[in-house]
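A structural walkthrough
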Amino acid sequence: MPVRDLDPAHPRDVAALEALLATVPDFSQRVSGRPPAPGDAADALTAAPPGVPADRKHAIGLWADDDPGRLLGFADLLRGWPSPESAHLGLLVTDGRLHGGGLGRHTSDAVVARVRDWPEVTRIQLAVVATNEAAAGPFWRRLGFRPTGRTAPYSSGSVRSTKEVWTARVVDL
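Here we summarise the structure given alongside this text. None of the values given here were measured: they were computed from a predicted structure.

Looking only at helices and strands, the protein features 5 helices and 7 strands. The C-alpha radius of gyration computed for the protein amounts to 15 Å, which stays within 12% of the reference 16 Å derived for 173 residues, consistent with globular compactness. Overall, the protein is about 40 × 35 × 35 Å in size when its C-alpha atoms are taken along their principal axes. Counting only residues that meet the buried cut, the protein has 43% of its 173 residues in that class. In the protein, 60% of the contacts between residues at least 6 apart in sequence involve partners at least 24 apart. Carbon and sulfur atoms make up 55% of the accessible area of the protein, which totals about 8700 Å². A gap of 6 Å separates the mean positions of the 20 positive and 20 negative side-chain charges of the protein.

In structure tokens form, the structure reads like this:
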């Protein structure tokens, strides 16, 4: 499966991510309390914490071999955030119709390959929303991520919860 970054200015890439997000309505319900909506893809492609330069945001796509316009996996990665030696994985999502077939691992492998090109980055971190932990936690544990115990409030749509930071050393992935 080819890996190609998504361009937030390219309507084809935004549409491909919208189509992918539509395959995982259960994820959207758990983290926002609603089904996927128009605009979610554009948000995923452009959202970043205040002060993070746009060139630090990487939108990694795993594309179908037989259909170069079909996105099978997506990861949103921030280089050097929240600290220079970290990369923050904001979202990793795969085609819901194909869950259990290894797409999550392949998408994660694409993230790790990218991070290994950044010599200053020694850790990948992510945040697991408590309302999504039962679904996401086992996956992240299998990949080698562990909860840090650092939590913060989380709010999106109608969901009021907490999120916990998980982390893994790049050399261990």
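Side chains three or four residues apart in an α-helix point the same way, a direct result of the helix having 3.6 residues per turn. Where helix H2 (residues 25-32) is concerned, the buried positions are Ser-28, Val-31 and Ser-32. Buried residues of H2 fall within an arc of 80° about the axis and therefore sit on the same side. Close packing links the buried residues of H2 with strand E5 (123-129), strand E6 (146-156) and strand E7 (159-169). Gly-33 sits one or two positions beyond H2 and adopts a positive phi of about 80°.

Relative to the helices and strands, Ser-108 resides in helix H4 (residues 103-116). Its relative accessible area of 7% is what places Ser-108 among the buried residues. Apart from residues no more than four positions distant in its own chain, Ser-108 is found in contact with Leu-92 and Leu-143.

Moving on to unusual backbone geometry. Going from Trp-81 to Pro-82, the amide bond is cis rather than trans, its omega being 10°. Relative to the helices and strands, Pro-82 resides in the loop between strand E3 (71-79) and strand E4 (86-94).

Attention now goes to H4. An ideal rise of 1.5 Å per residue puts 20 Å on 14 residues; H4 measures up with 20 Å between its terminal C-alpha atoms. Residues of H4 that are buried in the fold lie against strand E1 (3-5), strand E2 (57-63), E3, E4, E5 and helix H5 (133-143).

The next thing to look at is the packing of aromatic side chains. The full count for this structure, using the stated rule, is 2 aromatic pairs. Each ring, one from Phe-139 and one from Trp-140, has its centre 4.8 Å from the other, and the planes form 70°; the classification is edge-to-face. Each of the two residues, Phe-139 as well as Trp-140, counts as buried. Seen in terms of ring centroids, Trp-140 and Phe-145 are 5.2 Å apart; in terms of plane orientation they differ by 75°. Their pairing is edge-to-face. The pair Trp-140 / Phe-145 is uniform in exposure class, with both members buried. The ring of Trp-63 has Arg-4 sitting right over it, with the charged end atom 4.1 Å from the ring centre.

Reading the values: the criteria
Residues numbered from 1 in each chain as written. Predicted model: local features only at pLDDT ≥ 70, side-chain atom pairs only at ≥ 80, totals over all residues. Heavy atoms only, no water. Helix = DSSP H or I, 4+ residues; strand = E, 2+ residues; numbered from the N terminus. Rg over C-alpha atoms; globule rule 2.2 N^0.38 Å. Buried < 20%, exposed > 50% of the residue type's maximum accessible area, 1.4 Å probe, protein only. Contact = heavy atoms within 4.5 Å. Areas by Shrake-Rupley, 256 points an atom, 1.4 Å probe, with all protein chains shown as cover. Lys, Arg positive; Asp, Glu negative; His and termini not counted. Charge placed at Lys NZ, Arg CZ, Asp CG, Glu CD. Arc of directions from axis to C-beta. Expected span 1.5 Å × (residues − 1). Phe/Tyr/Trp six-rings, centres within 6.5 Å; stacked < 30°, edge-to-face > 60°. Lys NZ or Arg CZ within 6 Å of the ring centre and 35° of its normal.

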